[in-house]
Amino acid sequence: TSQFVNLGRVLNAGHELTLNVTALDMRSGPHLDVTFSGSTNTNRLLDLGNQPAIVFNPQRHAQGYPLGSYFQQKYTYADKNGDHIISRSEMTIGDTATAHEFIGPVLPTRQLAITPTFRYRGVQLNALFDMRGGNYLYNDTEEFRCTSSAFSNCKAVSDSTAPLADQAAAIGKLLGTSYGYIQHAGYTKLRQLSATVDVPAALGRRMNVNNLA
């Protein structure tokens, strides 16, 4: 009485670039190589077969937008009386016509990895720096702590020194929107660091090893 049919069309497009640079090369001296690996990605749902958006709040598959994008009712806020406390009267929530505004994609739109390698007199140092950006993440844990748990156990609802944005996020949830808890998920981190030391031949023969890392 029914059958499954693939009605959708999705586009993934992007660019990748790898660049190897010898930044330092001295005869019988220090040597430094650096590798840059970067990419961009555009993800878009082109066609959903004339079907309505597939919603799994606060994400959805909507035609014309990246898969799994975040949509929520947006708001603005202002500490009008200067007491560093955001109240409901200082919040402005979008009307029902804009209740589900596009916030951003769940997948990174840009990535970059930098790998420097330094060598000098039998010592080699390697590192990996990883950078990603353009995507968002739903901080459901903080939202639960601030607005859904029995004790409202978070700084945003109990401490006037909390950032105004955090206070507004908690009030926004009480007014029906998770907009403040959908946060930028980009990062830059040192993912790996290693060192290798060549063991002198005489010592290596005694230890039965060639190098140490």
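Treat the numbers as computed from the prediction; the structure is a model and nothing was measured.

Each value, and the rule that gives it
Residues numbered from 1 in each chain as written. Predicted model: local features only at pLDDT ≥ 70, side-chain atom pairs only at ≥ 80, totals over all residues. Heavy atoms only, no water. Patch = residues over 30% accessible without salt bridge, like charges linked within 9 Å, V, L, I, M, F, W, Y side chains within 5 Å. Areas by Shrake-Rupley, 256 points an atom, 1.4 Å probe, with all protein chains shown as cover. Salt bridge = Lys/Arg side-chain N within 4 Å of Asp/Glu carboxyl O. Helix = DSSP H or I, 4+ residues; strand = E, 2+ residues; numbered from the N terminus. Buried < 20%, exposed > 50% of the residue type's maximum accessible area, 1.4 Å probe, protein only. Contact = heavy atoms within 4.5 Å. Pairing = 2+ DSSP bridges. Axes fitted to C-alpha atoms, helices over the stretch in contact; angles between N-to-C directions. Parallel < 35°, antiparallel > 145°, perpendicular 65-115°, else oblique. Nonpolar A, V, L, I, M, F, W, Y, C, P; charged D, E, K, R; others polar.

Undergrad: Please provide a residue-by-residue account of a nonpolar patch on the surface, values included.
TA: Taken together, Leu 24, Met 26, Phe 118, Tyr 120, Val 123, Leu 125 and Val 197 make up a surface patch of nonpolar side chains, about 520 Å² in accessible area. Elements that contribute at least two residues to the nonpolar patch include exactly strand S9 (110-120) and strand S10 (123-133). Of note, Leu 24 is situated in strand S1 (residues 9-25). On the accessibility criterion, Leu 24 (31% relative accessible area) is partly exposed.

Undergrad: Which residues make up the environment of Tyr 179, and what values do they have?
TA: Checked against the element boundaries, Tyr 179 lands in the loop between helix H2 (164-174) and strand S12 (182-184). Taking the C-alpha atoms as reference, Tyr 179 lies 5.9 Å from Lys 74; in sequence the two are 105 residues apart. Apart from the residues within four sequence positions on either side, Tyr 179 is in contact with Gln 72, Gln 73, Lys 74, Tyr 75 and Ile 103.

Undergrad: Let's hear about the pattern of salt bridges: which residues, and what values?
TA: As enumerated under the stated definition, the model contains five salt bridges in all. With a shortest N-O distance of 3.8 Å, Lys 173 and Glu 143 are connected by a salt bridge. Of this pair, Lys 173 sits in helix H2 while Glu 143 sits in helix H1 (residues 140-148), and the two are 30 residues apart along the sequence. By sharing partners, the salt bridges in this structure join Asp 130, Arg 132 and Arg 191 into a single network.

Undergrad: How would you sum up the sheet that holds strand S3 (residues 54-56)? Please name residues and give values.
TA: Read from one edge of the open sheet, four strands run S3-S4-S5-S8, paired in antiparallel fashion. What marks the edges here is a single partner per strand, and that holds for S3 and strand S8 (101-104). Neighbouring strand axes in the sheet, compared pairwise and without regard to direction, differ in orientation by 40 degrees on average. Two strands pair when backbone bridges link them, and strand S5 (residues 69-72) and S8 are joined in this way by three bridges, in the antiparallel orientation. In the strand pairing of S8, Phe 71 is matched with Phe 102.

Undergrad: Tell me what's going on with the packing of H1 against H2, and back it up with residues and numbers.
TA: One way to put it is that H1 packs onto H2 with a least axis distance of 10 Å and a crossing angle of 70 degrees. Between H1 and H2, the angle falls in the class roughly perpendicular. Two secondary-structure elements touch here, H1 through Glu 143, Cys 146 and Thr 147 and H2 through Ala 170, Lys 173 and Leu 174. Tallied by class, residues from the contact of H1 with H2 come to three nonpolar, one polar and two charged.

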